[in-house]
Amino acid sequence: RKPLARYFVIDLLQLVIFAIFIPMSTEPSPTPPPSNEALESAIAWIPTLRQEIARVIVGQRYLVDRLIVGLLANGHVLLEGVPGLAKTLSIRTLATATDADFKRIQFTPDLLPADVIGTLIYSPKDSTFHTRKGPIFANLVLADEINRAPAKVQSALLEAMQEHQVTIGDATYPLPEPFLVLATENPIDQEGTYPLPEAQVDRFMLKLKVGYPSKADEREILDRMASTDPNLTVDAVTSLDAIREARKHVNDVYVDPKIRDYIVNLILATRSPEDYQLKLGHYIQFGASPRATISLTLASKAWALMQGRSYVIPQDIKEIGMDVLRHRVIPSYEAEAEEISSEELVSSIFEAIPVP
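Predicted, not measured: the structure shown is a model, and the values here were computed from it.

Here we take up the packing of helix 3 (residues 45–54) against helix 5 (residues 87–97). Across the interface, helix 3 lies against helix 5 with an axial gap of 10 Å and an inter-helix angle of 130°. In terms of their interaxial angle, helix 3 and helix 5 are classed as oblique. For the pair helix 3 and helix 5, the crossing hand works out as right-handed. Side by side, helix 3 and helix 5 meet where L49, E52 and I53 of the first sit next to T93, L94 and A97 of the second. Broken down by class, the residue content of the contact of helix 3 with helix 5 amounts to four nonpolar, one polar and one charged.

Note: most peptide bonds trans; most residues except glycine with negative phi. The omega torsion across E177 and P178 is -5°, close enough to zero to call that bond cis. Position of P178 among the secondary structure elements: in the loop between strand 7 (171–174) and strand 8 (180–185). With a phi close to 50°, E145 is a non-glycine residue in the positive phi region. Examined against the element boundaries, E145 turns out to sit in the loop between strand 5 (140–144) and helix 7 (151–154). On the basis of relative accessible area, E145 is assigned to the partly exposed category, the value being 26%. Of note, the phi angle at H164 is positive, near 55°, even though the residue is not glycine. By the secondary structure assignment, H164 is in the loop between helix 8 (158–163) and strand 6 (165–168). A relative accessible area of 13% means that H164 is categorised as buried.

So, about the pattern of salt bridges. One pass over the full model with this rule turns up 22 salt bridges. Between R219 and D223 there is a salt bridge; the shortest N-O distance is 3.2 Å. With a gap of four residues between them, R219 and D223 both fall in helix 10 (residues 215–225), about one helical turn apart. We classify D223 as exposed; its relative accessible area is 54%. Here E245 makes a salt bridge to K248, at a shortest N to O gap of 3.7 Å.

Attention now goes to the sheet that holds strand 2 (residues 102–106). On the basis of which strands lie adjacent, the open sheet formed by five strands has the order 2-5-8-1-9 and parallel pairing. Each of the sheet's edge strands pairs with one partner strand only, and the pair in question is strand 2 and strand 9 (204–209). Each strand axis lies, on average, 15° off the axis of its neighbour in the sheet, ignoring direction. In the packing of helix 5 onto the sheet, the strands contacted are strand 1 (76–80), strand 2, strand 5 and strand 8, and the crossing angle to strand 8 comes to about 160°.

At a minimum axis distance of 10 Å, the contact between helix 14 (residues 314–325) and helix 16 (residues 342–352) shows a crossing angle of 145°. Like other packed secondary-structure pairs, helix 14 and helix 16 cross with a definite hand, here right-handed. Between helix 14 and helix 16, the contacting residues are I317, K318, G321, M322 and L325 on the first element and E343, V346, S347 and F350 on the second. Tallied by class, residues from the contact of helix 14 with helix 16 come to five nonpolar, two polar and two charged.

A separate point is the pairing of strand 4 (residues 128–133). As paired strands, strand 3 (residues 118–123) and strand 4 are joined by six bridges and run antiparallel to one another. Within strand 4, the position partnered with S123 by the bridge is T128. Between strand 3 and strand 4, which pair antiparallel one after the other, the connecting turn spans four residues, and S127 there sits at a positive phi close to 55°.

The buried count for helix 5 comes to eight of 11 residues, which makes it a mostly enclosed element. Those residues of helix 5 lying buried are K87, T88, S90, I91, T93, L94, A95 and A97. Elements that come into contact with the buried residues of helix 5 comprise helix 3, helix 4 (61–73), strand 1, strand 2, strand 5 and strand 8. One or two positions beyond helix 5, positive phi appears at D99, with a value near 60°.

Attention now goes to the confidence of the model for the protein. In the predicted model, the protein carries a mean pLDDT of 84, and the fraction of residues at 70 or more is 89%. Within the model, pLDDT remains below 50 along residues 18–32, and this stretch shows one contact once partners closer than five positions in the same chain are excluded.

Thresholds applied
Residues numbered from 1 in each chain as written. Predicted model: local features only at pLDDT ≥ 70, side-chain atom pairs only at ≥ 80, totals over all residues. Heavy atoms only, no water. Axes fitted to C-alpha atoms, helices over the stretch in contact; angles between N-to-C directions. Helix = DSSP H or I, 4+ residues; strand = E, 2+ residues; numbered from the N terminus. Parallel < 35°, antiparallel > 145°, perpendicular 65-115°, else oblique. Left-handed = near helix turned anticlockwise from the far one by under 90°. Contact = heavy atoms within 4.5 Å. Nonpolar A, V, L, I, M, F, W, Y, C, P; charged D, E, K, R; others polar. Buried < 20%, exposed > 50% of the residue type's maximum accessible area, 1.4 Å probe, protein only. Salt bridge = Lys/Arg side-chain N within 4 Å of Asp/Glu carboxyl O. Pairing = 2+ DSSP bridges. pLDDT = per-residue confidence, 0-100.

Rendered as structure tokens:
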């Protein structure tokens, strides 16, 4: 019995020494996915918001849903479409329905950067300069016909869109949150327009191509709007606090490592198509940037949340991927000569990359 007791004491001492000198794992435990009740509560305002916007905007479900994705994913949105498709009205209606501070900037060739971000005003009374903030200090900023202003005005948005701050003189001012730039441009009017620089375009998370309404929607537009005083009143059906709360749940949406690899493969295929057995190298001048990787992930998570899921599936990436990549894949001269668009290049990449 004594030898057995001695061995027991030795084993106990070894366990104590092991517990003292061997550090415990410091890896954070995985965040549990949000419950169904939490998800339903976080996105309960989305169907109500759709219904309220539908009181003014007929159809355009694609446009409205992508604007909500921009709100959830904290991403700027560029709308491209011919005149008369309710692009500006949709953005104004969204701002009213979310009770957001809204400012509209009409971009023109004679616009100055100070007209966007603000400037310093000299006061002779006290011989000091005072800051006059521009219209960019708002939650939703509509840059209407953004391609009608020269590059020096467009570049005034770069700091605001990326860092959510504005520098005037020697002082830097934070912008209110949420802060989104929603810009429109007309693809058919080329006279008196200035193409957006790549650095400006890449800061937009989504680029939407808005098309004509269907026959049924066109008839409803006629019945509803063919009046000298159409009813365009909208009520605030949600708040900015609800949007901020929903954004927290976007961060909790789970993305499997295989899904992450799928996103990375899609982005890399735009840069080096030959590595993925794609004969598109001479058709692509520039591929998507790392910002596209982040934008595609965040937009997919926001889209999954809108569907009531706490995890991303490959279909979410395919659903939102074209809007994230169409303006980031720059066709080469050979592609333009053969009338191959960036959308066709992106579609070819999605078809070639295997889905996990």
